[in-house]
Amino acid sequence: MKIVPRDKSSLKGNRKVLTRQTKGDKFRVSSFKGYYSMYDKDWAKVDINKVPSIKTVVPGPKSKEYHDRASKYMKGYSNQVKLFPVAFESGKGSVLTDVDGNDYIDFSSGIYVTGLGHCHPKISEAIAHYAGQLMNCHDFTTKIKMELLEKLAEVTQGDLNGIQLYDSGTTAVEAGLRCARAATGNFEFISFWRDFHGKTMGSVSLAMVDSSQGMRAPGFYQAPRPNCYRCPFKMTHPECNCYCVDFIENVILNETSQQLAAIVLEPVQGWNGSVVPPDDYMPKLRVLCDKYGILLFADEVLTGMARTGKMFCMEHWDTIPDITTIGKGFGNGFPVTAMCVSDKFKDVIENISASSSYGGNPMACAAALASLEVIEDENLCERSEHLGNIMLKRMEKIKNNHPIVGDVRGKGCLLAIELVKDKTTKEPFEEAGKLVYRKAFEKGLAWVPSRSTLRLSPPLIMDDDMALKGLDIIDEAIGEVEKELL
Ligand SMILES: Cc1ncc(COP(=O)(O)O)c(C=O)c1O
């Protein structure tokens, strides 16, 4: 990366103009103190004929050794790892390399995190700069924090200008819950079947509980999630007129003590396989919240930062929540998250301490500001939408050609394929899910399983031909599994 002295003459005007400027085929990297660098627009380009490249049996010998040694101590790996225990060495753009030198197309972005590609030069430089200048100063103001807050307030929907910075999605969600309680004086919450919000106690109580967690905390209730492929009411959209929203009124009136602070949901369900609500769902939910004076809390930890083709997913439905949480792609891999609340409740959060050990540290702020700038500079909302469209088109073909593919769906680069034993009964095909996941991984596709559903979240910067090559691998893997299982 070429470091060039800062051109002071370009500093007049505001920072937005500065950072959006490009020069030839280079992007200006940053406005950080005293210097900026240029990076090549094609920094992540690879010869598509050379990727994936699998040179050993995978997971290879070094992967096996490292994983065996690590797993003596590390317990509770995700199914993503348990089903394919590879050890990774490096990542660049849309390509991951394991410790045995095998290269994979990345359809996982870590876990919906590295949307701008692994080791994006601007993000890496921003973090490295603050790693050398100031790593932590509690919640004191820094210049980079001030710049991030101003930028975030500019890009969030409506008046979501009351901001607190945290270091994980779940701690931002917890802050949102505290904020909803303080703002309304109420204490109950409604969340949705199979949504996921994190692993601290409040977040766990918003999600499905299993035998390892026991009961959810008092005051937390659940309602059926809009899922038109598997409608819990056996209705069809649009004739149903989003009856699932009407049903929430039953939950409010019959289950809760009507002291509701917020309705909390993922705009598009992530963990359960990119389940997209119908377009009239969110506006109708907003009306219901307003009718009862309940806050609408959109957890955009997974769906934000252009993942679905808009900076924030709720923009698809012109619906502005009262509280939103941001994470994962916010720092493109660096742990930085945020809870944003409407100006209406700004004074309330003044009383909720945002102080935490790591929240808003200078490296985190630099990573987040750089990520927001890259999304704008590289037009990644449009790119995410475009990539999602061409991928969904190809996925429709896969669905039509395979008896075990029940549904393909998603928005932007948040996509999924659901496998079934029978397209009419829609019985989930978990065994096929595991096998297709493994086979495609063996062929060089790093991605994310979820029982009978396979999740696709490529970096937003992935080239079209690489995305389509990844789908060819999936197509082939499904065909092989059908031969084995049908
Ligand atoms: C919608 C949503 N909210 C919150 C979280 C929790 O984020 P973290 O793992 O950073 O705590 C996740 C993580 O997957 C998520 O998908």
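The structure under discussion appears in the preceding block.
The shown structure was predicted, so the numbers you read here are calculated from the model rather than taken from an experiment.

Visitor: What's the story with the site of the ligand in this structure? I'm lost.
Guide: Near the ligand the following residues occur: Ser168, Gly169, Thr170, Phe196, His197, Gly198, Glu266, Asp299, Val301, Leu302 and Lys328. Between Gly169 and the ligand, the recorded distance is 2.8 Å, taken from a backbone N or O atom to an oxygen atom. Coverage of the ligand by the protein amounts to 79% of the 390 Å² it exposes when considered alone.

Visitor: Could you clarify how one ought to interpret the sheet that holds strand 7 (residues 103-106) in this entry?
Guide: In any sheet, the strands associate via hydrogen bonds between backbone groups, in a parallel or an antiparallel arrangement. The mixed open sheet is built from four strands, whose spatial order is 5-6-7-17. Each edge of the open sheet carries a strand with a single partner, namely strand 5 (88-92) and strand 17 (445-446). Here two bridges tie strand 7 to strand 17, and the two strands are oriented parallel to one another. Paired with Asp106 across the bridge in strand 17 is Ala446.

Visitor: Please explain the pairing of strand 12 (residues 295-300) as it appears in this structure.
Guide: A regular strand carries its side chains on alternate faces of the sheet. The buried count for strand 12 comes to six of six residues, which makes it a mostly enclosed element. Here strand 12 shows two buried faces, one formed by Leu295, Phe297 and Asp299 and the other by Leu296, Ala298 and Glu300. The sheet contact formed by strand 11 (residues 260-265) and strand 12 spans four bridges and is parallel. By the bridge assignment, Val264 is partnered in strand 12 with Phe297. Where the polypeptide runs from strand 11 across helix 10 (residues 281-292) and back to strand 12, its parallel neighbour, the crossover connection is right-handed. Pairing analysis gives four bridges linking strand 12 to strand 13 (residues 323-326), with the strands arranged parallel. The residue of strand 13 that forms the bridge with Phe297 is Ile323.

Definitions and cut-offs
- Residues numbered from 1 in each chain as written.
- Predicted model: local features only at pLDDT ≥ 70, side-chain atom pairs only at ≥ 80, totals over all residues.
- Heavy atoms only, no water.
- Near = heavy atom within 4 Å.
- Polar contact = N/O pair within 3.5 Å; in protein donor to acceptor, adjacent residues only side chain to side chain.
- Areas by Shrake-Rupley, 256 points an atom, 1.4 Å probe, with all protein chains shown as cover.
- Pairing = 2+ DSSP bridges.
- Helix = DSSP H or I, 4+ residues; strand = E, 2+ residues; numbered from the N terminus.
- Buried < 20%, exposed > 50% of the residue type's maximum accessible area, 1.4 Å probe, protein only.
- Right-handed = clockwise from strand over helix to strand, strands pointing away.

Structural measurements only, silent on function.
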